[in-house]
Amino acid sequence: MLIFEQSKSGRVNTAQQPANVNSETDIPSEFLRADKPVLPEVSEMQAVRHYTKLSTKNFSIDTHFYPLGSCTMKYNPRACNTLAMLPGFLNRHPDSPANMSQGFLACMYDLQEILKDVTGMKEVSLSPMAGAQGEFAGIAMIRAYHDASNGGKGDPERTEILVPDAAHGTNPATATMCNFKVREIPTNSDGDVDIEALKEAVGPHTAGIMLTNPSTLGVFERRIKEIADIVHKAGGLLYYDGANLNAILGKVKPGDMGFDVIHMNLHKTFSTPHGGGGPGAGPVGVSERLIPYLPVPMVTKVDDEYHVVTEKNNAQSIGRLSAFMGNSGVLLRAYIYARLLGCDGMHRVAEYATLNANYMMKQLEKAGFELAFPNRKATHEFIVTLKKQAKDLNVNAMDFAKRLLDYGFHAPTTYFPLLVPECFLIEPTETEAQDALDGFIEAMIAIQKEAETDAEKVKGAPYTLPVRRLDDVKAAKELDLTWTAE
Amino acid sequence: MLIFEQSKSGRVNTAQQPANVNSETDIPSEFLRADKPVLPEVSEMQAVRHYTKLSTKNFSIDTHFYPLGSCTMKYNPRACNTLAMLPGFLNRHPDSPANMSQGFLACMYDLQEILKDVTGMKEVSLSPMAGAQGEFAGIAMIRAYHDASNGGKGDPERTEILVPDAAHGTNPATATMCNFKVREIPTNSDGDVDIEALKEAVGPHTAGIMLTNPSTLGVFERRIKEIADIVHKAGGLLYYDGANLNAILGKVKPGDMGFDVIHMNLHKTFSTPHGGGGPGAGPVGVSERLIPYLPVPMVTKVDDEYHVVTEKNNAQSIGRLSAFMGNSGVLLRAYIYARLLGCDGMHRVAEYATLNANYMMKQLEKAGFELAFPNRKATHEFIVTLKKQAKDLNVNAMDFAKRLLDYGFHAPTTYFPLLVPECFLIEPTETEAQDALDGFIEAMIAIQKEAETDAEKVKGAPYTLPVRRLDDVKAAKELDLTWTAE
Amino acid sequence: MPFIPHTEEDVKSMLAAIGAESIESLFDEIPAELRTEGLTKVPEGVSEMEISRIMSEHAERDSRALCFAGAGAYEHHIPAAVWEITTRGEFYSAYTPYQAEASQGTLQLLYEYQTMMASLTGMDISNASLYDGASALAEAVLMAIRANRKSKSKRILMPRTVHPQYRKVAHNICKGQGIIFEELDFDMEGGHIRADSLPKDPGDIAALVIPQPNYFGVLEDIDALTDWAHEHKALVIAIVNPTSLALLKAPGSWGEIGADITCGEGQPLGAPLSSGGPYFGFMACREKYVRQMPGRIIGRTVDLDGKEGFTLTLQAREQHIRRSKATSNICTNQGLLVTAATIYMAIVGPDGLTKVAQASHNNTESLVKKLESTGKTRRLFNRPVFHESVMLFDLPTDELMMEMTARKILPGVDISDDYPELGNVMLICATETKTDADLQTYADLVTKLSKKS
Amino acid sequence: MPFIPHTEEDVKSMLAAIGAESIESLFDEIPAELRTEGLTKVPEGVSEMEISRIMSEHAERDSRALCFAGAGAYEHHIPAAVWEITTRGEFYSAYTPYQAEASQGTLQLLYEYQTMMASLTGMDISNASLYDGASALAEAVLMAIRANRKSKSKRILMPRTVHPQYRKVAHNICKGQGIIFEELDFDMEGGHIRADSLPKDPGDIAALVIPQPNYFGVLEDIDALTDWAHEHKALVIAIVNPTSLALLKAPGSWGEIGADITCGEGQPLGAPLSSGGPYFGFMACREKYVRQMPGRIIGRTVDLDGKEGFTLTLQAREQHIRRSKATSNICTNQGLLVTAATIYMAIVGPDGLTKVAQASHNNTESLVKKLESTGKTRRLFNRPVFHESVMLFDLPTDELMMEMTARKILPGVDISDDYPELGNVMLICATETKTDADLQTYADLVTKLSKKS
Ligand SMILES: Cc1ncc(COP(=O)(O)O)c(C=O)c1O
Ligand SMILES: Cc1ncc(COP(=O)(O)O)c(C=O)c1O
């Protein structure tokens, strides 16, 4: 039942209204609203009950194993939330002058330093509000760099961004937002970038390349140095999509691989919550040559005092991308997480994420599932392809995914990357215990058996959730995007 | 699955351990433990997941209508929790001197004043930790009063406490703990105390009487003044069990009815949470003559400064009943609740609780259910008896109760009070909307139909909960009270 | 090992299953020369106990000031229930609801949110959030360009009464695509855009942005501006404060036919100030533009048994499907803040929100009067305001700021940098959280300070 | 109307259904002369916004001191997850699990708690909580009297090393039933009960209470005392600190056959200091005494389909069944605190709890040394301690208290009132929450203060 269906005109929560409000307004009537907006009129308890119950209709990390490839669904330590929500942090107005902000700014500064170390980049700006905005900042910096080349005359030929076909959709979409043309680079059968194709693609029109390494295929791009050389020689820059940073924390740094700019998804690698779709944070780090273009604001430290750097201080900056300092509260959570892990803990992230992924990969292979890249080690994630099941049994990846829900497991990422048919991109993360991995593997085996003996059962899944399989076609055709009273 | 079954030896949560602990202890080995205690060795995430999931197996006010008679399951405002858990309150050590405690003590003092007003008593002590401990304090004061009578020689004859047969079990149990004999007084067919029987029972052995008014039969004891006179004349005192205070807030005060001592269940009337079984708070209020005996500590105010009153200051006090000041955090919540309601809001509690109860009573009667006291108004609760259903259809109150769970309603109180056969004691409280009441009534009607057409279905309920009906007999016979590894 | 559940035994058995000798060997595909020595600037790990103390100390250092600053971030009372429910693990730690059947909680909530926002703005539909108000404006501009089939231009008219940071963000995000922002100057008396100052023949423009209230808190002539834009085939992008909409005319009702796209900052609906984020941008529009809308949209549908359910819909606009041709690159948005906003609106209700808006207006008016009666400052603009006002002070605003903050009062936002022509001006705001005594404290301090100087 | 959902229309329709004219008329069975004029001292209602400010100000007034006080209430780090889960509505706002099928969350948790406590104490079984440590001791005494079939006496031997407030509470609760407490004095050097000081022929006694650690932090000769009691047919009631049990011998292993009943204060397991409550009392015992145990007990059983489930059991001991013959009058207990304790123990685990115990011990020892090196105070007793120690100061303890608290340090608990024979003594405690710097701060201040005087 929708909250509106519990609403009753005239019901008010007195405790939640300012008292003694003179409601005879002096605002001229031409500016005023005539109708009452359709907000629910329910008691506080009704609202609490409604949204408490709604919450229990979700899967989440706090309730389920959630091996969603490329999304890094790992444990979000509760302390990060509790501490980021201390009244002192919540009550700080973003325009508070520095003398009222040293506590907050100190955290931001320290976080910048930590991210520099982790990525091997020279400078970091925290402000982008998610991965995609980090990408935007990165590509905008690449544009600014080329625009400033030739002694300021610019390089108008550089109109292309190269993107491997396995790339996340945000990569090409970002290139477009920055008015670049997107050229796709194919992947070879081992999951690596097709170097020959790359060589053919680069040239004076190449502004840069966007790479994820390890790629979203779950393998480490071994010839990364060669790729960097090819692109750099052609005058292009290298963009690192840091969505998979979890796989390499403390093992290899994007800066050392030759990247010029990187975004990080703190809501993945630094375990800030996904919140059912956000907020995230997508700080960017850059090599020496891109420092002048970093988005503002940033934080500097002068004589033990912290200051905010703005457009005023950095004339070449691509500017600000949010009204204030991005998703500050998310940054606080990431900072707390980083301090809890510390240097040692951070090394272990990649190690155990990789251990878990390789273990699952091997066990699934032993159980008869087909791997997309059987000759490769898994990074923190790996791909199973269910194309045989789709063909022979008419049970596809979506069917497996929905049936997994019945077994109490969130489905892996399905149908991404697009180039592997009927794929499951599986990322267990380091915070899952072996039991959970084994449970998932057993469920896969059980579903495989069901698919062989009773395919309809799998195709009809899920059965045990609040709803059965939903009609997406109807949703898109007969748009019903808001409720209206009958 | 039990948390122990997820445990694995050697698993530790480093983030939750003090760092660098020198574990070579200097405590002599004769004092030391040899074995490792059976505590779970699970990751923080496993614990979070386990207990988050367990929580969803409960009914609660935040998720369900919970018309549990005599328990006053009403909305527990979230602000009361949030504010009582401000770090300043949580971090205060109970032995902090008054100069570090003025904020906390101010709240306690104000709460005492509010409770005095609400009950019409002369003085209040907050310290009892639940209703039953409030009862203990009250009866102990009655004992102390008699002991101090006759110029200090005492009145050893007064060995009896009178208790109506409808009383809550804590009443007789408390009298026993204070070494009184319990004499039961019968109830007449209208739910009132049988005055003739009372007259016969009182005498020089009467120390006092414990009454709930409105009684747990859901009716107001109309001849309360007469009862008070009878008992007082016999030299006994009157104890008011305040469990039902919700019914009369601002309408009538126990002090005005002639009571000498009262306990309040703040976890009922003042909406502090029940917490799956506590904590509660059971402050006691007294008339003039019992003031010297109140339990300590209490709070006084002298020249705008707050002080704690202890045994030192009150030599005749029955003393302390807890190590510190009782359930302080519960008292804070009750204080916040009282301030939110304020004077007006408090009047409305009884009004709307009564309105809801009478509405449900009438609608159920119209639907054919039998009321225990059809000639009476309901107070904040009322009783339906299902004895006909039990006899004619072999479907008893327990069956109805379990089936209600399937319909998404917590069952009313069943089989209490003991004197009404197959009873449902129904208390909707003032915070439920008419929709919820109607939903419950419809469920009752539906179950009645089921009972008539398919009794086995009702007797087999519940079907939709985490478990079906549990075997209580086996639980008591084959005691399994702790888990042990196989 | 913080947050890693593996025992030594686990590691051994897992490596054996893999057939690997060591965890290290799992990394052997990484070229050796790239392998790092390790992290050098990340400090050693601390326990939760230690970080709790560190963060508490940081938080206390910046502790609560009496806040009269607004300028895009407003201190409102947030019912305790809002964040207690929002941070329940099931909302807090869920991913984007791609598996609809396992995400009905989030999806239904978002559908309810869309309904509330559509109604508040008077638009047909709403998306499920963008990053913040500033980037929402940028997205609205890009969307208007796509949506306005009648215009071929990339010209956007942008009043200077729009939040300066929003204008910068819009510029920074849109400039790659060659969007041209033409600024409209404001009237120095009213602090608003005069409809009669608009060009008679503006040429081909894609859209006009109309802020209500504007950055100065001032109410714009929305009807006249809207109609002017539509006459010239430009779309109208409304940028509004959602709290104000409980009181003020919804963009859907501006002028003859209403605004086309509405966007803004959602922070006033249940998000704490929190140093500027996370907040959320909202966007709503006419139904006919839905396929140009960026961001996620939830639709109601049915399941195999015909039962009502909710799912992400119109995904073909989004980057994960449409890739380089998507309406935006946005992926992760601000879901949790929308969760809070939805619960906030449900608890406060329509009457509550109206009271919050009215009380904020009244308090600001009352503060202005108290400040004016000190004789040391005056209201700069003569038009009606919502809950902010530009005050011109006798004394330099940086001095005022220094003295006031030393007394734990944030007196407003100094906007003289962004509008040097206005002089010693401060943008002040008093929401419903302020008592009469708070307002008096501010005024008294102004009297005291100006005496001193 | 705060928290009341009725609209005027609802009221009308409900009254019509009842057939009543007004809400007031529903109260007409209350004799008119008893009806009150209304409430006069309850202040007017305030909004949540207003009370939030009031309470925040109160809380800040008493704000965080560096706490070296223990004496029955200990500052330990509590993982954030503990209370975030404990205050989930489903735990927080549920009633006692009388409807077992609708309460499996609480019931399973309590069963797990019973298991943990039984193991920690080395006893066979545990109940599901009593009010607090002090009242748990009182209940243990009453239980021992019932349980000791070999003794007809109501005499209890009660060492003076038991917490003074606990002794008072035990007396206040038990005296109605004629229980006689005979005090045992302690050794002035060791601060403990000397086994060789116990009477050779004590007569018929029901039980001996043994605290470990005792109120002074000192470790008692538990084995000798236990065996002595059993030789004289007395039961042994152990009263222990649960944190210490990760390190110290469980009461079940004291002496030849172990203690009979164990009780204590559960606060150290996840309950914040919170001005002394809510905490929870725990109680565990030998299986043979289970029917004498007060409080709720949860058992594991099966449902109609044979599936495992949990339910309240042995209710025939309780007041709601047995009424005047119940083992206690307790009804509402401290469920929510037990919820927190269970989650606390699960997160901290056995090794974690051992480290907390050891770190607390080490810190206290280290503080004692630092304080002694000021030359202004010394450790009074020469026996090993757990995590508290009695310090004898040169200067008067009330002066020390005043000066220290003015500097936001709570230096300990002044126990000279309860033990006047000891002189200027303070009971101090430094748990794992204290850093070396904290300890030094305390010591430096002592040096400074004593110089001054
Ligand atoms: C590989 C990759 N790149 C980029 C992104 C975009 O990041 P965000 O969702 O934070 O905008 C994602 C997120 O899913 C991703 O997986
Ligand atoms: C009528 C009555 N009296 C006394 C009590 C005992 O109160 P408590 O459970 O707080 O000890 C109750 C509680 O259920 C009750 O309903």
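Residues numbered from 1 in each chain as written. Chains lettered and ligands numbered in written order. Predicted model: local features only at pLDDT ≥ 70, side-chain atom pairs only at ≥ 80, totals over all residues. Heavy atoms only, no water.

What follows covers the site of ligand 1. Taken together, 16 residues form the shell around ligand 1, and within it A:Ser70, A:Asp241, A:His267, A:Lys268 and C:Thr332 come nearest. The backbone of A:Ala132 places a nitrogen or oxygen atom 2.7 Å from an oxygen atom of ligand 1. At 2.9 Å, a side-chain N or O of A:Asn265 approaches an oxygen atom of ligand 1. For ligand 1, whose free accessible area comes to 390 Å², the fraction covered by protein is 99%. Of all the elements in the fold, those that place two or more residues in the shell around ligand 1 are helix H5 (131-147) and helix H11 (266-269) of chain A. Looking at the shell around ligand 1 residue by residue, the classes come out as 5 nonpolar, 8 polar and 3 charged. (Near = heavy atom within 4 Å. Polar contact = N/O pair within 3.5 Å; in protein donor to acceptor, adjacent residues only side chain to side chain. Areas by Shrake-Rupley, 256 points an atom, 1.4 Å probe, with all protein chains shown as cover. Helix = DSSP H or I, 4+ residues; strand = E, 2+ residues; numbered from the N terminus. Nonpolar A, V, L, I, M, F, W, Y, C, P; charged D, E, K, R; others polar.)

Residues and elements named next belong to chain C. Examined at the domain level, chain C breaks down into domain 1 (66-75 + 349-452) and domain 2 (80-343). For domain 1 and domain 2, the distance between their C-alpha centres works out to 28 Å. On the domain 2 side, the residues contacting the 29 residues of domain 1 number 34 residues. Carbon and sulfur atoms supply 62% of the area buried between domain 1 and domain 2, which totals about 2500 Å² over both sides. Contact with domain 2 buries area across many residues of domain 1, yet Arg 383, Phe 386 and Tyr 419 alone supply 28% of it, more than any other trio. Between domain 1 and domain 2 we count 3 salt bridges in total. Here Glu 421 ties to Arg 160 by a salt bridge, and the two come within 2.8 Å at their closest N and O atoms. Between domain 1 and domain 2 we count 10 residue pairs in polar contact (both at pLDDT 80 or more) in total. Counting only elements with at least two residues in the side of domain 1 that touches domain 2, the list comes to helix H10 (335-372) and strand E12 (388-393). With 5 residues, the single largest contributor to the side of domain 1 that touches domain 2 is H10. (Domains from an automatic or database assignment. Contact = heavy atoms within 4.5 Å. Buried area = accessible area lost by both parts, 1.4 Å probe. Salt bridge = Lys/Arg side-chain N within 4 Å of Asp/Glu carboxyl O.)

Here we take up the sheet that holds strand E2 (residues 125-126) of chain D. Residues and elements named next belong to chain D. Within the open sheet, the 7 strands sit side by side as E2-E8-E7-E6-E5-E3-E4. Their pairing is mixed. The outermost strands of the open sheet, each flanked by one partner alone, are E2 and strand E4 (180-184). Across the sheet, helix H8 (residues 222-231) lies against strand E3 (155-159), strand E5 (207-212) and strand E6 (235-240), angled at about 170 degrees from E5, the strand it touches most. (Pairing = 2+ DSSP bridges. Axes fitted to C-alpha atoms, helices over the stretch in contact; angles between N-to-C directions.)

With that settled, consider the environment of D:Leu269. All names here are of chain D. Relative to the assigned elements, Leu 269 resides in the loop between strand E7 (261-265) and strand E8 (281-285). Through-space distance from the C-alpha of Leu 269 to that of Tyr 279 is 9.3 Å; in sequence the pair is 10 residues apart. Non-local contacts of Leu 269, meaning those with residues more than four positions away in its chain, are made with Met 117, Pro 242, Thr 243, Phe 280, Ala 340, Ala 341, Tyr 344, Met 345 and Leu 353.

Contact residues are listed per partner, giving 16 residues for chain C and 16 residues for chain D. Of the roughly 1300 Å² buried between chain C and chain D on both sides combined, carbon and sulfur atoms contribute 39%. If you sort the residues of chain C by the area they bury against chain D, C:Met49, C:Arg53 and C:His77 come out on top, with a joint share of 40%. Where chain C meets chain D, there are 4 salt bridges. Close ionic contact of C:Arg53 with D:Asp438 constitutes a salt bridge, the shortest N to O distance being 2.6 Å. Counting residues per element, the ones that place at least two in the side of chain C that touches chain D are helix H2 (48-61) and helix H4 (89-92) of chain C. Among the elements that take part in the side of chain C that touches chain D, H2(C) stands out by supplying 4 residues, more than any other.

Before going further, it helps to examine the site of ligand 2. Every one of the 16 residues lining ligand 2 counts as a neighbour, but B:Ser70, B:Asp241, B:His267, B:Lys268 and D:Thr332 are closest to it. Ligand 2 sits at the junction of chains B and D, each of which supplies nearby residues. B:Asn265 is positioned with one of its side-chain polar atoms (N or O) 2.9 Å from an oxygen atom of ligand 2. Between an oxygen atom of ligand 2 and a side-chain N or O atom of D:Tyr95, the distance comes to 3.5 Å. In the complex, 99% of the free accessible area of ligand 2, which totals 390 Å², lies under the protein chains. Going through the elements one at a time, helix H5 (131-147) and helix H10 (266-269) of chain B are the ones with two or more residues in the shell around ligand 2. Per-element tally for the shell around ligand 2: the top contributor is H5(B), with 3 residues.

With that out of the way, let us pick up the pairing of strand E4 (residues 206-211) of chain B. Residue and element names in this part refer to chain B. Buried residues dominate E4, accounting for 6 of its 6 residues. In this sheet, E4 lies alongside strand E2 (residues 160-164) in parallel orientation, the contact comprising 3 bridges. Along E4, the bridge assignment pairs Glu 160 with Thr 206. As defined by bridge partners, E4 adjoins strand E5 (residues 237-242) across 4 bridges and the pair is classed as parallel. Following the sheet pairing, Gly 208 is matched in E5 by Leu 237. Remark: the E4/helix H8 (residues 224-233)/E5 crossover connection has right-handed handedness. (Buried < 20%, exposed > 50% of the residue type's maximum accessible area, 1.4 Å probe, protein only. Right-handed = clockwise from strand over helix to strand, strands pointing away.)

Next up on the list: the relation of the copies chain C and chain D. Structural alignment of chain C on chain D gives an RMSD of 0.0 Å, achieved by rotating through 180 degrees and translating 0.0 Å along the axis. Those values place the two copies in the arrangement expected of a two-fold rotation axis. Every residue of chain C has its C-alpha some distance from the rotation axis, and the shortest such distance is that of C:Arg88, at 3.7 Å. Of the residues that chain C buries at the interface, 100% are likewise interface residues in chain D, meaning the two copies contact each other through the same surface. (Least-squares fit on C-alpha atoms with pLDDT ≥ 70 in both.)

Let us now look at the sheet that holds strand E3 (residues 181-185) of chain B. All names here are of chain B. Pairing in this open sheet of 7 strands is mixed, and the strands run E1-E7-E6-E5-E4-E2-E3 from one edge to the other. If you trace the sheet from one side to the other, it starts and ends with strand E1 (123-125) and E3, each paired once. Each strand axis lies, on average, 25 degrees off the axis of its neighbour in the sheet, ignoring direction. Contacting E1 and strand E6 (261-264), helix H4 (residues 102-119) runs over the sheet at an angle of about 125 degrees to E1.

The linkage connecting A:Asn213 with the following residue, A:Pro214, adopts the cis geometry, with an omega of 0 degrees. Within the secondary structure, A:Pro214 is located in the loop between strand E4 (206-211) and helix H9 (224-233). That bond from B:Ala461 to B:Pro462 is cis: its omega, 0 degrees, falls within 30 degrees of zero. Its place among the elements puts B:Pro462 in the loop between helix H15 (455-459) and helix H16 (472-477). You will see that A:Asn150, though not glycine, has its phi angle at about 50 degrees, which is positive. By the secondary structure assignment, A:Asn150 is in helix H6 (residues 149-152). One non-glycine residue, C:Ala71, lies in positive phi territory at about 60 degrees. Along the chain, the position of C:Ala71 falls in the loop between strand E1 (66-67) and helix H3 (80-86).

Another aspect to go through is the packing of helix H4 (residues 102-119) of chain A against H2(C). Two elements in contact, H4(A) and H2(C), have axes separated by 6 Å at closest approach and are oriented at 130 degrees. On the basis of the axis angle, H4(A) is oblique to H2(C). Contacts between H4(A) and H2(C) pair A:Gln102, A:Gly103, A:Ala106 and A:Cys107 from the former with C:Met55, C:His58 and C:Arg61 from the latter. Residues that form the contact of H4(A) with H2(C) fall into these classes: 3 nonpolar, 3 polar and 1 charged. (Parallel < 35°, antiparallel > 145°, perpendicular 65-115°, else oblique.)

For the rest of this paragraph, the subject is the side chain of D:Asn241. Residues and elements named next belong to chain D. Along the polypeptide, Asn 241 turns up in the loop between E6 and E7. Here Thr 243 takes part through its backbone nitrogen, which lies 2.8 Å from a polar atom of the side chain of Asn 241. Residues in contact with Asn 241, not counting those within four places in the same chain, are Tyr 74, Gln 212, Pro 213, Pro 268, Phe 386 and His 387.

This paragraph deals with H5(A). With 17 residues, H5(A) ought to run about 24 Å at 1.5 Å a step, and its terminal C-alpha atoms sit 24 Å apart, in line with that. Counting buried positions along H5(A) gives 14 out of 17 residues, so the element sits mostly inside the fold. (Expected span 1.5 Å × (residues − 1).)

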